[in-house]
Amino acid sequence: ETNNQHRRLLILFSFKQIEIYITHFRNRNRKIIKMSVLAKAKILEAIQAGEILIEPYDPSHVGCASIDLTLGHEFRYYKPGLCPLPVKEETDFKDITEKLVLKDGEHYLLLPGQACLGITKERVKLSGKICGLLEGRSRFARIGLFVHITAGFMNPGIDNRQVLEIYNASNHPLQLIPGTKICQFIFMHMDGEATYTGKFNKSGNDL
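Residues numbered from 1 in each chain as written. Predicted model: local features only at pLDDT ≥ 70, side-chain atom pairs only at ≥ 80, totals over all residues. Heavy atoms only, no water.

Asker: Before we go on, may I ask you to explain the environment of Asp159 in this structure?
Answerer: Relative to the elements of secondary structure, Asp159 occurs in strand β10 (residues 159-168). With a relative accessible area of 10%, Asp159 lands in the buried category. Spatially, the C-alpha atom of Asp159 lies 4.1 Å from that of Lys125, the residues being 34 residues apart in sequence. A distance of 2.3 Å separates polar atoms of two side chains, one belonging to Asp159 and the other to Arg123. (Helix = DSSP H or I, 4+ residues; strand = E, 2+ residues; numbered from the N terminus. Buried < 20%, exposed > 50% of the residue type's maximum accessible area, 1.4 Å probe, protein only. Polar contact = N/O pair within 3.5 Å; in protein donor to acceptor, adjacent residues only side chain to side chain.)

Asker: Explain helix α2 (residues 40-49) here, please?
Answerer: Each α-helix turn comprises 3.6 residues. Residues three or four places apart therefore point the same way. Inspection of α2 places Ile43, Ala46 and Ile47 among the buried residues, and these make up the whole buried set. End-on view of α2: buried residues confined to an arc of 100 degrees, all on one side of the axis. Of the exposed residues in α2, those oriented more than 90 degrees away from the buried face are Ala41, Gln48 and Ala49. A positive backbone phi angle near 85 degrees is found at Gly50, which sits one or two residues after α2. (Arc of directions from axis to C-beta.)

Asker: Which parts of the structure should I look at to understand the confidence of the model for the protein?
Answerer: Low pLDDT means the predicted atomic positions in that stretch should not be read closely. For the protein, the mean per-residue pLDDT works out to 86, and 81% of the residues sit at or above 70. Low pLDDT, under 50, characterises residues 9-18; the stretch is placed with 0 contacts to residues that sit more than four places away or in other chains. (pLDDT = per-residue confidence, 0-100. Contact = heavy atoms within 4.5 Å.)

Asker: Whenever I open this one, the nonpolar core confuses me. Can you help?
Answerer: Taken as a class, soluble globular proteins show a tendency for nonpolar side chains to be buried jointly. Within the largest apolar cluster, 32 residues are counted, with the highest numbers of intra-cluster contacts made by Ile52, Leu145, Leu176, Phe185 and Phe187. In this structure, Phe187 is in contact with Ser36, Val37, Leu38, Ile43, Ile52, Ile54, Ile67, Leu126, Ile130, Cys131 and Gly132, ignoring residues within four places of it in sequence. (Core = buried A, V, L, I, M, F, W, Y, C linked by side-chain atoms within 4.5 Å.)

Asker: Would you mind showing me how to read the packing of aromatic side chains here?
Answerer: Evaluated as defined, the whole model comprises 3 aromatic pairs. An angle of 55 degrees between the planes, with centres 5.9 Å apart, marks the rings of Phe146 and Tyr167 as tilted. Taken together, the positions of Phe146 in strand β8 (residues 145-146) and Tyr167 in strand β10 put the pair 21 residues apart, joining distant regions of the chain. For Tyr167, a relative accessible area of 28% corresponds to the partly exposed category. (Phe/Tyr/Trp six-rings, centres within 6.5 Å; stacked < 30°, edge-to-face > 60°.)

Asker: Please explain unusual backbone geometry as it appears in this structure.
Answerer: The general pattern is negative phi for most residues beyond glycine and trans for most peptide bonds. For the peptide bond that leads from Glu55 to Pro56, omega is -5 degrees, which places it in the cis range. One can find Pro56 in the loop between β2 (52-55) and β3 (67-78). Phi is positive for Ala151, which is not a glycine, with a value near 55 degrees. Summarising the element assignment, Ala151 is placed in the loop between β8 and β9 (153-154).

This is the structure we're talking about:
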């Protein structure tokens, strides 16, 4: 009987510990999850209030929880090289790439297994209260096109065109056509206010 009582106490204690842990986890999450994704109505309100600036702006590009951005005419392709490149803060991508500006009606041919840099036609300017995520579109992901393979977080206070890290993961050459709605920008309200002042804030207006 004594052993049974001990088992019941241990079970009750275990359940109590689980209950305390769950309560603590929920309370902790309530404290830290204070960011929210803007839905279409809120995006339009933020644009109207000047918290989000898109140039050029097409209202038809605003979706249910993001805005589509189009591909510009500027690209950078990676020059062939066999010398190891140090991955360091001061390493400059322009040293290993060559810039190409397409004329109207031209396209960029991205071969299988190759990467290039592109840039959006639109300039995006955010207030210090809004940050965002830059993502590809599923219709292009399904044909093997990675539109933005890393560094998808967009800081508050940015004022630039968005550089795209593009990769062809398919077995087919892909034609990248300027003017295509190539990616989507997702906006989030921050808990607090800040402004990005890093090296790519203004330089992002030119690839």
